[in-house]
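An overview of the molecular structure
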Amino acid sequence: MQLGILKLWDSENTYSACLIVECFFCLHLMPQPQNSHTFHFMTLKSLLLVGGALLTGTAASAGGYQVTLAGQKNNGMGGVGVGLSLDQAAMFYNPGALAMVKDRGVQVGVNLTMARNAFVAQGGSQQRELRNTVTTPFNLYAGFGPAEGKFRAGIAVYTPFGSKLQYAEGWEGRTALTDIDLKSIFVQPTVSYAITDQISVGAGLVVLAYGAVNLQRDVPLPDSYGHIELDGKADTKLGFNAGIFFKPSDKVSLGVNYRSKIDAHVKDGDVTFTGIPASFGTRFEATKFSATLPLIATTSIGVGLMPTEKLTIGIDANFAQWSKYQSLRFDFDQQINGQTFSESKRNYKDALTVRVGGQYKLTDGLTVRAGGAYDETPVRDGYVTPETPDNDRFSGTLGASYSFGKFGVDVSAQYVSIQKRTETQQQLVNNGTTDRIAGTYKTNIVIPGIGLNYAF
């Protein structure tokens, strides 16, 4: 049995170390039977997936096209953080908790996503592998404020959406997708204020500062295959991230966080055709495309428990409003086989993620962590696409930190199992989604990470 390497970005609520963003689009074209005189370029789809990639992410791969690798300490604790005030990564998990973080500081982290993906087409026996790809989501935070004051401010850069896939040459779904590379950067200036010793609030302006997408697939011709490539950049968009943090005692803390929806929009992206014979040139005239993808809103609640001075436990529940993503549409400046637009059904459903994790301080310098998560997929049966071969996910995490003076090193490791997902041709026919391929997907992901921090 052959397994291939698949790279996926993490993201929050069922969703990186550099200053770049991964914004993604997914292109899907409906494979059609070849005929000596006719063929159809029926459906063109794109997913715009966006996430900050300067130094953040959330703690484990998430459903749909989200990513969760936002803080290295949180990564080792199953991705929890809404009800805790661990460090500067609170800017992502719950800006309201930032004012309760004792130390000001700077931290940076990087993760390496390595996935093994298997695909078997319906009615086939050959297991396909992906070409080897590597992605390195990362995160960066800097927090400031008076040492004894109630006010904190900071800047965060992170990646809550993204993906990179490169399918095997000549695979059965080549006319749906061969390559996808989605990049984005989210930048979030943040302020937080402790109203009392027990309650604090905070908010951040979320900026989709940069996004880029490259999608490719083969085009069926009567006697061969051509190739289409979509390449574009996303417009700058604004949203917000706000939260409330309440700590009624030294042993209990509560948090609520809301991250708003952002509509990521690509305008005047480039459409390039290769391998198309001159006799078919008039059918493929488009040179530009536009598309919009909703980067969905999430609502999270979290509880922190501190039974002893050395032990901290976190429990989070994240609700992702994926039902806002019902279809994906491309608009073209000129016709592609007689059409100037293409629309594909997505019909996503809202999804819930539950996370639990803890840390224990073994010595003054060494802290160890562990956790896990269950992530419900937003993708319904009969709507799975090659760019998002998703299903329910189970994650297990480990982590540790060692501090020496004002400096510290954080390490984390995650194992994510995306449950086997079979999509039949009959399901595609029943749902009117025959623009994708029937078959079985299975993916496992390993994500090691490392971070550095400095407190002042």
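Note that this is a predicted model, so its numbers are computed, not measured.

Thoughts on the overall build of the protein chain
- Looking only at helices and strands, the protein chain has three helices and 27 strands in total.
- Surface exposure of the protein chain reaches about 16,800 Å², of which carbon and sulfur atoms provide 58%.

Some words on the environment of Leu208
- Tracing the backbone through its elements, the reader meets Leu208 in strand 13 (residues 199-220).
- Taking relative accessible area as the criterion, Leu208 reaches 1% and is therefore assigned buried.

Some points on the packing of aromatic side chains
- The tally for this structure, following the rule as stated, stands at 18 aromatic pairs.
- Between Phe92 and Tyr93, the aromatic rings sit 5.1 Å apart at their centres with planes inclined by 85 degrees, giving edge-to-face as the arrangement.
- Taken together, a centroid distance of 4.1 Å and an interplanar angle of 10 degrees make the contact between Tyr167 and Trp171 stacked. For the pair Tyr167 and Trp171, a shared accessibility class is recorded, and that class is buried.
- Within the aromatic cluster, the residues linked to one another by ring pairs are Phe144, Tyr402, Phe404, Phe407, Tyr454 and Phe456.
- Taking the ring centre of Tyr225 as reference, the NZ or CZ of Arg174 above it sits at 3.8 Å.

Here's the deal with the environment of Asn347
- One can find Asn347 in the loop between strand 22 (339-345) and strand 23 (351-361).
- Remark: the alpha-carbon pair of Asn347 and Leu328, spanning 19 residues in sequence, is separated by 9.7 Å.
- If sequence neighbours within four positions are ignored, Asn347 has contacts with Tyr325, Gln326, Arg380 and Tyr383.
- At 3.4 Å, the side chain of Asn347 and the side chain of Tyr383 are in polar contact.

With respect to the environment of Gly269
- Note that Gly269 resides in strand 17 (residues 262-274).
- We classify Gly269 as buried; its relative accessible area is 1%.
- Gly269 sits 39 residues away from Leu230 along the chain, and the two C-alpha atoms are 6.9 Å apart.
- Among all residues touching Gly269, those that are not within four sequence positions of it are Asp231, Gly232, Thr287, Lys288 and Phe289.

Notes on the side chain of Thr397
- Topologically, Thr397 is positioned in strand 25 (residues 393-404).
- A polar contact is formed between the side chain of Thr397 and the backbone nitrogen of Gly78, at a distance of 2.9 Å.
- Residues in contact with Thr397, not counting those within four places in the same chain, are Asn75, Gly76, Met77, Gly78, Arg369, Ala370, Gly371, Gly372, Ala413 and Gln414.

Digging into the pattern of salt bridges
- The final tally for this structure, using the stated rule, is 10 salt bridges.
- In this structure, Lys261 and Asp263 form a salt bridge, with 2.6 Å as the shortest nitrogen-oxygen distance.
- The closest approach of N and O atoms between Asp381 and Arg421, which form a salt bridge, is 3.0 Å. You can see Asp381 sitting in the loop between strand 24 (366-375) and strand 25 and its partner Arg421 sitting in strand 26 (residues 407-423), a full 40 residues away along the chain.
- The class of Arg421 is buried, set by a relative accessible area of 6%.

Observations concerning the pairing of strand 26
- Inspection of the sheet shows strand 25 paired to strand 26 by 12 bridges, in the antiparallel sense. The residue of strand 26 that forms the bridge with Gly399 is Ser412.
- Between strand 25 and the antiparallel strand that follows it, strand 26, lie two residues; Gly405 among them carries a positive phi value of about 70 degrees.
- Bridge count for strand 26 against strand 27 (residues 439-455) is 15 bridges, and the pairing is antiparallel. Directly across from Tyr415, in strand 27, lies its bridge partner Val446.

Looking at the confidence of the model for the protein chain
- Residues of the protein chain with pLDDT of at least 70 account for 84%, and the chain-wide mean is 83.
- The least confident element of the protein chain, judged by mean pLDDT, is strand 5 (residues 49-51) at 28; the most confident is strand 16 (residues 252-259) at 98.
- Segment residues 1-61 is flagged for pLDDT under 50; beyond a separation of four residues in sequence, or across chains, it makes 439 contacts in the model.

Quick look at the side chain of Arg421
- A polar contact is formed between the side chain of Arg421 and the side chain of Asp381, at a distance of 3.0 Å.
- Leave out the neighbours within four places in its chain, and Arg421 touches Thr377, Val379, Arg380, Asp381, Val384, Asp390, Asn391, Gly439, Thr440 and Tyr441.

Focus: unusual backbone geometry
- For Asn337, which is not glycine, the phi dihedral falls at a positive 50 degrees.
- Tracing the backbone shows Asn337 in the loop between strand 21 (327-336) and strand 22.
- A positive phi angle is found at Asn347, which is not glycine, with a value near 55 degrees.
- Of the residues examined, Asn347 reaches a relative accessible area of 22% and is grouped as partly exposed.

Cut-offs used in this document
- Residues numbered from 1 in each chain as written.
- Predicted model: local features only at pLDDT ≥ 70, side-chain atom pairs only at ≥ 80, totals over all residues.
- Heavy atoms only, no water.
- Helix = DSSP H or I, 4+ residues; strand = E, 2+ residues; numbered from the N terminus.
- Areas by Shrake-Rupley, 256 points an atom, 1.4 Å probe, with all protein chains shown as cover.
- Buried < 20%, exposed > 50% of the residue type's maximum accessible area, 1.4 Å probe, protein only.
- Phe/Tyr/Trp six-rings, centres within 6.5 Å; stacked < 30°, edge-to-face > 60°.
- Lys NZ or Arg CZ within 6 Å of the ring centre and 35° of its normal.
- Contact = heavy atoms within 4.5 Å.
- Polar contact = N/O pair within 3.5 Å; in protein donor to acceptor, adjacent residues only side chain to side chain.
- Salt bridge = Lys/Arg side-chain N within 4 Å of Asp/Glu carboxyl O.
- Pairing = 2+ DSSP bridges.
- pLDDT = per-residue confidence, 0-100.

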